[in-house]
Amino acid sequence: MISLIVLYSDITCYGPRLISSYLKANGIKTQMLFFFAVPGARIPMLSKEKFNEVVSFCQSSELIGLSVMSPYLSYAQALTTRFKEMLDVPVVWGGAHPTFEPESCLKYADIVCVGEGENAMLELVVSMAKYGTVDHTIKNLWFKTADGIVKNDIRPLEQNIDKFPAPDYDLKSQYICRAKKKYGSRHVLQMTRQLLLENSRGLRGDRKWYATTTSRGCPQNCSFCANSASKILYRGKGKFNRKRSVASVLDEIEDMTKTFAFQAVCLSDENLFIRNNEEIDLFATGYKKRIGLPFYIEFSPQLFDPQKANKLIDAGCEVFQIGVQTACDKTNNELYLRKQTREQFDPILSFLKNQKAEFRTYFDFILMNPWEEPASLLDSIKFILSLDDNISIVMYPLTFFPGTQLYDRAMQEGLVGDSKQSATGWGPLRYIQAKDIETILFLIVYVLRKVMGARFSRWFIAPALRPRLLSFLRWKPNRVALGFFLLFFLYPFFRVIKRYCLKSGF
Ligand code: B12
Ligand code: SF4
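All residue numbers here refer to positions counted from 1 along the written sequence of the relevant chain. The naming scheme follows written order: chains are lettered A onward, ligands numbered 1 onward. Note on the predicted model: pLDDT of at least 70 is required for a residue's local features to be given, and 80 or more for side-chain atom pairs to be given and counted; whole-chain, interface and lining totals, by contrast, use all residues.

J.: I keep staring at helix α15 (residues 405-412) and nothing clicks. Help me out?
T.: Each turn of an α-helix holds 3.6 residues, which means side chains three or four residues apart point in the same direction. Regarding α15, the residues found buried are Leu406, Tyr407 and Ala410. Down the axis of α15, the buried set is contained in an arc of 105 degrees. They therefore lie on one face. Numbering goes from the N terminus for both helices and strands, where a helix is a DSSP run of H or I of at least four residues and a strand is a run of E of at least two. Glycine 414 occupies a position one or two residues after α15 and carries a positive phi of about 70 degrees. To sort residues by burial, count the other C-beta atoms lying within 10 Å of each one's C-beta; a count of 20 or more means buried, 12 or fewer means exposed, and anything in between means partly exposed. C-beta atoms are built from the backbone. For this quantity, the arc is that covered by the directions from the helix axis to the C-beta atoms.

This is how it looks when you write it as structure tokens:
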């Protein structure tokens, strides 16, 4: 039995589910545990009981696999340490974090998978079953041995990704950690249809979706994204962007949505518009006929194509999620290395104006960038203030993920200490420390002035208030106070201000 533990707080877990179904298709028994860790936690919040239940879940395993993203590193370390204390079973880590930090991960894991893992895992499990020991020559795997670390090369990328079976949704072999009273006192529960749906994310909040990916890779090279780092890792190993056939995508979605009564579908490809017109036609016609559920897509503005968008909307697409990151061309082009301009949004915005009221668009922005100039932030604020109400703004703090260019720069400049800190240590507190508090205040003042106009200026710079303003600038808040300030003021800031602006006609 191979146990695969997924730490993410999302039930999709596409990569590990693919590994599980590939192993099963090759006659290997697997079980999966959806652990639901807290992303970004520096100290894992794990009770002894939960630990023990996870350990007994793995008791009869020949191999334990953990899928690790950087924000969940502390959980992976804590769990693996516990496994090593209680069980004599090799532990293999795979996923985005070990791919770019294999050496440091081997302080905990016995084996690390660098890059895509289906074939590497299969070879590992088969060799263990055949020879009773671990074969240290398997490509994509690094091993901790008595003689040091064995680093194997990367194998060529699998070009025919249709070859991999659909993600594993065999609930009989799946478990989930949930500690709600209504489920009883145990943490590790047998997965059920109800638990699967309860823990799936939703399209616009209510309709639970089935999420899948129809391609691998992305044509762009953003300096904060693992895709650009993966391209370097796989240089000379075959085409990085690969697409599944439309037929295989439709078969999978039809099968899963019928089996589990999902109410919506999420296509979490980085850029669905990399598909050509013919593929979009084929998908849209097939989807409308065979599935017919509302769906959600993501893409970058540079690849927007109104013709393709219309076809997808006609097939049921109800949500666009678009990576804006910043409305400042200089920051996008020079810092994020995105070939994107503010003008590219004009056709998108006019296209969105003609959509039905229920059509939703999410614009993703990156905040807390230590190198972003106030003028660049202002461009984003102005842009946000100009948007229609059917466009929601989603803000992500800039996170430094190992392998990316911005991670290297943040390390060089001492903004983050190590790879563990990179995904957890850089947050609002460090940003405020690194940036001038006056810059942030300046931006707040700018937006408030926009909202309240002269009335605000008179109020804010009134002589009576000046000493208070100065003392605020000199304020050295403790962490709790600052946390509350950010949580209750800065975070909902843009949304509230935007609504207010729209109401008051700015
Ligand atoms: C789709 C996607 C999502 C989806 C679904 C995620 C999911 N759980 O499946 C959603 C939107 C939910 C999501 C969320 C997040 N994501 Co995301 N996501 C992606 C994206 C675009 C594609 C992932 C994918 O399906 N790839 C295709 C499959 C086949 O590859 P894979 O998942 O990497 O799995 C393969 C290998 O990694 C390996 N492998 C994986 N696990 C294991 C385990 C073992 C034992 C072995 C041997 C091998 C192995 O084998 C797999 C099959 O080949 C990637 C970008 C990318 N190109 O990878 C980011 C990416 C994985 N996400 C990332 C992050 C950070 C997040 C968030 C933490 C963001 C946040 N700040 O909130 C959240 C939290 C995760 C969560 N809640 O699940 C980062 C991870 C970087 C890092 N160093 O950790 C990435 C790389 C994007 C980036 N910023 O660079 N994400
Ligand atoms: S467009 Fe998105 S997925 Fe592609 S490299 Fe940039 S951030 Fe990553």
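On we go from here.
J.: What am I meant to see in the site of ligand 2 here?
T.: In the region of ligand 2, the neighbouring residues are Cys218, Gln220, Asn221, Cys222, Cys225, Asn227, Ser228, Glu270, Ser300 and Gly323. Across the shell around ligand 2, the residue classes break down as three nonpolar, six polar and one charged. Nearness here has a simple definition: the residue's C-beta atom, placed using the backbone, must lie within 6 Å of the molecule or strand. Classification used: nonpolar for Ala, Val, Leu, Ile, Met, Phe, Trp, Tyr, Cys and Pro, charged for Asp, Glu, Lys and Arg, polar for all others including Gly.

J.: How should I be thinking about the site of ligand 1 in this particular structure?
T.: Neighbouring ligand 1 are 37 residues, the closest being Asp10, Gly15, Gly65, Gly94 and Gly117. Listed by contribution, the elements that provide at least two residues to the shell around ligand 1 are α1 (14-25), β3 (63-67), β4 (91-94), α4 (96-100), α6 (118-131) and α8 (226-233). For the shell around ligand 1, the element with the highest residue contribution is α1, accounting for five residues. Its residues assigned to classes, the shell around ligand 1 comprises 18 nonpolar, 14 polar and five charged.

J.: Would you mind showing me how to read the pairing of strand β6 (residues 141-145) here?
T.: Within a regular beta strand, the side chains point alternately toward one face of the sheet and then the other, so they alternate between its two faces. For two strands to pair, DSSP has to find at least two bridges joining them. Summarising the sheet, strand β5 (residues 111-113) and β6 pair through three bridges and their orientation is antiparallel. The residue bridging cysteine 113 from the neighbouring strand is leucine 141, located in β6. The pairing of β6 with strand β7 (residues 148-151) spans four bridges and is classified as antiparallel. Within the sheet, the bridge partner assigned to tryptophan 142 lies in β7 and is lysine 151. Linking β6 to β7, which pair antiparallel, is a turn of two residues.

J.: What is the right way to look at the sheet that holds strand β9 (residues 188-190) in this model?
T.: Think of a sheet as strands paired side by side through backbone hydrogen bonds, with each pair either parallel or antiparallel. The sheet built from nine strands is open, its strands ordered β7-β6-β5-β4-β3-β1-β2-β8-β9 with mixed pairing. Looking at which strands have only one partner, the edges of the open sheet turn out to be β7 and β9. In this sheet, neighbouring strand axes are inclined to one another by 20 degrees on average, regardless of whether the strands run parallel or antiparallel. Relative to β3, helix α3 (residues 73-86) is tilted by about 170 degrees, and along the sheet it contacts β3 and β4. Note on geometry: axes are lines fitted to C-alpha atoms, helical ones only across the stretch in contact, with angles between N-to-C directions running from 0 to 180 degrees. We call two residues in contact when their backbone-placed C-beta atoms lie within 7 Å.

J.: Hey, could you run me through the packing of helix α2 (residues 48-57) against α3 in this one?
T.: Between α2 and α3, whose axes approach to 10 Å, the crossing angle comes to 60 degrees. Pair α2 / α3 crosses with right-handed handedness. Taken together, the residues of α3 that come into contact with α2 (itself represented by Phe51, Val54 and Val55) are Leu79, Arg82, Phe83 and Met86. The residue inventory of the contact of α2 with α3, partitioned by class, reads six nonpolar, no polar and one charged. The sense of a crossing depends on the near helix, which, turned anticlockwise from the far helix by less than a right angle, makes the crossing left-handed and, turned clockwise, makes it right-handed.

J.: Just checking my understanding: could you explain the nonpolar core for this structure?
T.: Within soluble globular proteins, side chains that are nonpolar tend to cluster in buried spots. Nonpolar cores are identified as sets of buried Ala, Val, Leu, Ile, Met, Phe, Trp, Tyr and Cys residues joined via C-beta atoms within 7 Å. Core analysis: the biggest nonpolar cluster contains 68 residues, and Leu7 and Ala76 have the highest contact counts within it. No other element matches the five residues that α3 contributes to this core. An automatic or database domain assignment supplies the start and end points of every domain. Both domain 1 (2-177) and domain 2 (201-398) contribute no fewer than three residues apiece to this core. Once residues within four sequence positions are removed from consideration, alanine 76 is found in contact with Leu7, Leu66, Val68, Trp93 and Tyr108. Formed by 34 residues, the second largest nonpolar core is a distinct cluster that contains Trp209, Ala309, Cys317 and Val319.

J.: Would you mind going over the sheet that holds strand β11 (residues 207-212) with me for this structure?
T.: Across the sheet, seven strands lie side by side as β10-β11-β14-β15-β16-β17-β18; this open sheet has mixed pairing. Single-partner strands in this sheet number two, and they are β10 (202-203) and β18 (391-397). Examined bridge by bridge, strand β16 (residues 317-325) and strand β17 (residues 360-367) share six bridges and lie parallel to one another. Across the sheet, glutamine 321 pairs through a bridge with tyrosine 362, a residue of β17.

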